[in-house]
Every structure is written in structure tokens, then in C-alpha cells.
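The chain contents come next:
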Amino acid sequence: MKHFRRLLPAICLLLISAMCAGTSTYAWFTLNEKVTATGMKVKASATGSLVIDKNPLSSSSKLTTIDFKMTSPTELKPCTYDDNKYKDISAATKAAVDPATGLATTTTLEVIADDALGQYVKSFVVYVGAQAQAVDGVIPSVTLSGVTSEMDKAVTAVIKQGSNNVGTIHGYDNNLTWTGSPFTAPLVASNPGVMFTVELYFDGAAKSGNVAYIHSQNMSLNDISIDMLFKTPNSQ
């Protein structure tokens, strides 16, 4: 019994350490119910003999630039992207709020249902193809620019080719340009094109130290731009 009493403090410390380790991944998560973003600019462009469209390509597709024109405020709930799924903290743990910071300590994340994703994620879809002759080695890239404030750093772009996740840009990254591998199959004029999607969300788990980047419900993103570019190998 005496040996057990001596070991009890060590056992307690071990249990506390284990609990802390379990909460470290998402130790801070913003509990703002929504973020209102205004003024963001999202564009897509293609060079050489490429064409793009918001819908599967057809013989009438002639566009080389697309402006998605986000003229009205966009309200999105903060979430995070984990294991190729969008997640939010569970309703049960949202009660654990630090009133001084508006943040919660939690590890309980729940996958967001497909029919609710529109409340968290804004998607921009582009189909890219060839005007006439087949084009080999098309290089896609996405650039996030205009990141200036701490809140801007919570802006995140998930990049998908078809249904595959091929890249992610976080506003807090040093490099805000993603460049993909050249397309392995040539683009031909007769097919509907390659579908490219940029999924925009506000990362509620992104933080600097113990301060969440999202600490306000209203984010003015007038200077934030997302540019998608599809280049042929011989274009500048």
C-alpha cells in the first residue's frame, strides 16, 4: 500500500500527460458560428490553345478567362480539413468556450454531411480542354494573394483534379502558389475537359501560438485573390 501511495502522484502525472497529448492536435478551435467574407476575387485563365468553362466543355466553349464575381457577402462557418474530409467540432463540445478568447479545447471532430457542406465550403469549378488539336503536358497552378492580416491567414484552398485532392494552400504558408504536375493525358477538343475545383474554406483550427487567426465574425477580404492558371508547355 505504501508503494502504491508513492506511485500515485506519478500515475496522476502520466494520466494528465496522456490527456494533454490527446488534445494537442486541435487544442484551439474558433467557435464563431459564421464568417462573413466580402470582396474576394476568384479568377481562372488559360493560355495557348486551351479553353475553359464553368461547365463541361462543348463545341461552343471559347472562354480563356473566367471571373467568378463574388459581389455579395459570403457567409461560411469555420471548419477544418482532416484525412481528406471537412470536419467541425461536435455540438456537445461547443459548450466548452473560453469567454476570454472565444476558443474551445476539444479533440472531438465530426465529419460534415455532404448536404451541409455548402455552409462551410465555397467551390469554384473549371473545366479545361483544347480548342482544336490535342495538347500535351498542360500545367495547372493556383495562387492565393493579398494575405495581409492575421484573419486572412485562415483562408484555405483545397485543390482537386476530378475527385482527387492534389494540393492545399493555407493563408499562413510562406509559399502561396501551388503548381501541379503536367497532365499525363493529352487534352483533346472532343471531350468535356478536365474538371478542376478550388474549394475555399476558413480554417477554424489555424492559429498563431494560442490565438486563432479567426477572432472576428466579419472578415473583409477585399485584397484576397485566388487565381487559377492553365498553361501549355510552350507558353510564357
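Predicted model only: the values in this text are computed from it and were never measured.

Undergrad: Mind showing me how you'd approach the pairing of strand β21 (residues 225–231) here?
TA: Each regular strand shows side chains that alternate between the opposite faces of the sheet. For strand β3 (residues 41–46) and β21, the ladder comprises six bridges, and the chain directions are parallel. Of the residues in β21, the one forming a bridge with A44 is M228. Two strands pair when backbone bridges link them, and strand β13 (residues 139–145) and β21 are joined in this way by seven bridges, in the antiparallel orientation. Each residue of the ladder has a partner; that of S141, found in β21, is L229.

Undergrad: Please clarify how unusual backbone geometry should be interpreted in this entry.
TA: With a phi angle near 55 degrees, D83 is a residue other than glycine that sits in the positive phi range. By secondary structure assignment, the location of D83 is in the loop between β7 (80–82) and β8 (85–89). The phi dihedral of N84 falls on the positive side, at around 60 degrees, and the residue is not glycine. As for its position among the elements, N84 is in the loop between β7 and β8.

Undergrad: Where do I start with the pairing of β8 in this structure?
TA: Among the five residues that make up β8, four are buried, leaving the element largely enclosed by the rest of the structure. The pairing of β7 with β8 spans three bridges and is classified as antiparallel. Each residue of the ladder has a partner; that of T80, found in β8, is K87. Counting the residues between successive antiparallel strands, the hairpin from β7 to β8 contains two residues, one of them, D83, with a positive phi of roughly 55 degrees. In terms of strand pairing, β8 meets strand β11 (residues 109–111) through three bridges, oriented antiparallel. Among the inter-strand pairings, K87 is bridged to a residue of β11, identified as V111.

Undergrad: Hey, could you run me through the nonpolar core in this one?
TA: Side chains of a nonpolar character, in soluble globular proteins, are inclined to be buried together. Membership of the largest hydrophobic core comes to 44 residues, with the highest contact counts inside it found for M40, F202, M228 and F230. Of all the elements in the fold, those that place two or more residues in this core are β2 (35–38), β3, β4 (50–53), β12 (122–130), β13, β14 (155–161), β17 (194–202) and β21. Looking at this core element by element, the count peaks at five residues for β17. Contact partners of F202, with chain neighbours within four places excluded, come to V35, A37, L76, P78, C79, A154, V155, I214, M219 and L221. Of all hydrophobic cores here, the second largest spans nine residues; its members include C79, Y81, Y120 and V121.

Undergrad: So what exactly am I meant to see when it comes to the packing of aromatic side chains here?
TA: The geometry of two aromatic rings is summed up by the distance between their centres and the angle between their planes. Applying the stated criterion across every chain, the model contains seven aromatic pairs. Residues Y81 and Y86 carry aromatic rings whose centres are separated by 4.5 Å and whose planes lie at 55 degrees to one another, so their mutual orientation is tilted. Neither residue differs from the other here; Y81 and Y86 are each classed as buried. Relative to Y213, the ring of Y172 lies with its centre 6.0 Å away and its plane at 20 degrees, an arrangement referred to as stacked. With a gap of 41 residues between them, Y172 in the loop between β15 (164–170) and β16 (177–179) and Y213 in the loop between β19 (211–212) and β20 (218–220) connect regions that are remote in the sequence. In this structure Y172 comes out as partly exposed when scored by relative accessible area, which is 35%.

Cut-offs and rules
Residues numbered from 1 in each chain as written. Predicted model: local features only at pLDDT ≥ 70, side-chain atom pairs only at ≥ 80, totals over all residues. Heavy atoms only, no water. Pairing = 2+ DSSP bridges. Helix = DSSP H or I, 4+ residues; strand = E, 2+ residues; numbered from the N terminus. Buried < 20%, exposed > 50% of the residue type's maximum accessible area, 1.4 Å probe, protein only. Core = buried A, V, L, I, M, F, W, Y, C linked by side-chain atoms within 4.5 Å. Contact = heavy atoms within 4.5 Å. Phe/Tyr/Trp six-rings, centres within 6.5 Å; stacked < 30°, edge-to-face > 60°.

Read these as spatial facts, not as claims about activity.
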